[in-house]
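Structure assessment
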Amino acid sequence: MTGRIVIAVLIAYLFGSIPTSYLVVRAVKGIDLRQTGSGNLGATNLFRTLGWTWAVPVALFDMAKGTLPVLLLGPWAGLGYGGRILLGLVAVTGHVFSVFMRFRGGKGVATGGGVVLGMAPAPFVVALVVWAIIVKLSGYVSLGSVVAAFILPIAAWFLTPSRHDMIPWLAVLCFVVIWLHRANISRLLNGTENRFGRKLPTAPGGPA
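Residues numbered from 1 in each chain as written. Predicted model: local features only at pLDDT ≥ 70, side-chain atom pairs only at ≥ 80, totals over all residues. Heavy atoms only, no water.

As a further point, take the pattern of salt bridges. All chains considered together, the criterion is met by five salt bridges. In this structure, the salt-bridge partner of Arg34 is Asp32, at a minimum N-O distance of 2.8 Å. Notably, a salt bridge pairs Asp62 with Lys65, separated by 3.3 Å at the nearest N-O pair. Here Lys65 and Asp62 lie together in helix 4 (residues 52–76), a separation of three residues that amounts to about one turn. Just as Asp62 is buried, Lys65 falls in that class too. Linked through salt bridges whose partners overlap, the residues forming this network are Arg26, Asp32 and Arg34. (Salt bridge = Lys/Arg side-chain N within 4 Å of Asp/Glu carboxyl O. Helix = DSSP H or I, 4+ residues; strand = E, 2+ residues; numbered from the N terminus. Buried < 20%, exposed > 50% of the residue type's maximum accessible area, 1.4 Å probe, protein only.)

Take a look at the structure:
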């Protein structure tokens, strides 16, 4: 069993580490995503570069990087709810700190959402709707992501009464997502955050 867990963790990290946005932009436009827009390696910056046509499938693949480990690798390794969410966190870690990109990556929202989708579909839908409404009304993807992460454990409490034991694990996942957006939160408070769809100057390593 221990051997399976080790293998599952390794696969989850490597699968999460696949730099989807970077590979797609490189293949389609022949440029390095780290050198355009915000420099972030997530689907939001890919959208700024290639538009919806590519951003949607990339975001769905990034979600799958979180869903498949908890639905397939977790049961295969004999992990319970907590272990499966931790395995999902490993995949999120791979997405944020990709071994293939010198430990750079995205903010983990899509991959974290994929973990939640696999573990708690109903709360995921609530968080997704909240995210969409916030982004639509405010124009800030980061604000939508932070609010959705905050709402998720609350939605899970009400919508999955038989699975309250997984709420602390979901809270950990949501805390990680919010922590990864700490720079965005600072810019939101300062009024300097970039709105969704706005074209950014080439500035690698900037906000996303």
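So that's the structure; there's more coming.
Right, let's get into the layout of surface pockets. For the largest pocket, the calculated volume is near 870 Å³. Lining the largest pocket are 37 residues, and of these Ala59, Val109, Ala110, Trp131 and Ser145 sit closest to its centre. Listing elements by their share of the lining of the largest pocket, those giving two or more residues are helix 3 (43–50), helix 4, helix 6 (109–119), helix 7 (121–138), helix 8 (141–159) and helix 9 (167–180). Here the lining of the largest pocket takes seven residues from helix 4, the largest share from any one element. Counted by class, the lining of the largest pocket contains 24 nonpolar, eleven polar and two charged residues. (1 Å grid on protein atoms, 1.4 Å probe; cavity = no way out; pocket = protein on both sides within 12 Å on 5 of 7 lines; lining within 4 Å. Points joined across faces, edges and corners; volume = space filled by probe spheres on them. Nonpolar A, V, L, I, M, F, W, Y, C, P; charged D, E, K, R; others polar.)

Before going further, it helps to examine helix 6. Taking burial as the measure, the eleven residues of helix 6 include eight buried ones, the bulk of the element. Taken together, the buried positions of helix 6 are Thr111, Gly112, Gly113, Gly114, Val115, Val116, Gly118 and Met119.

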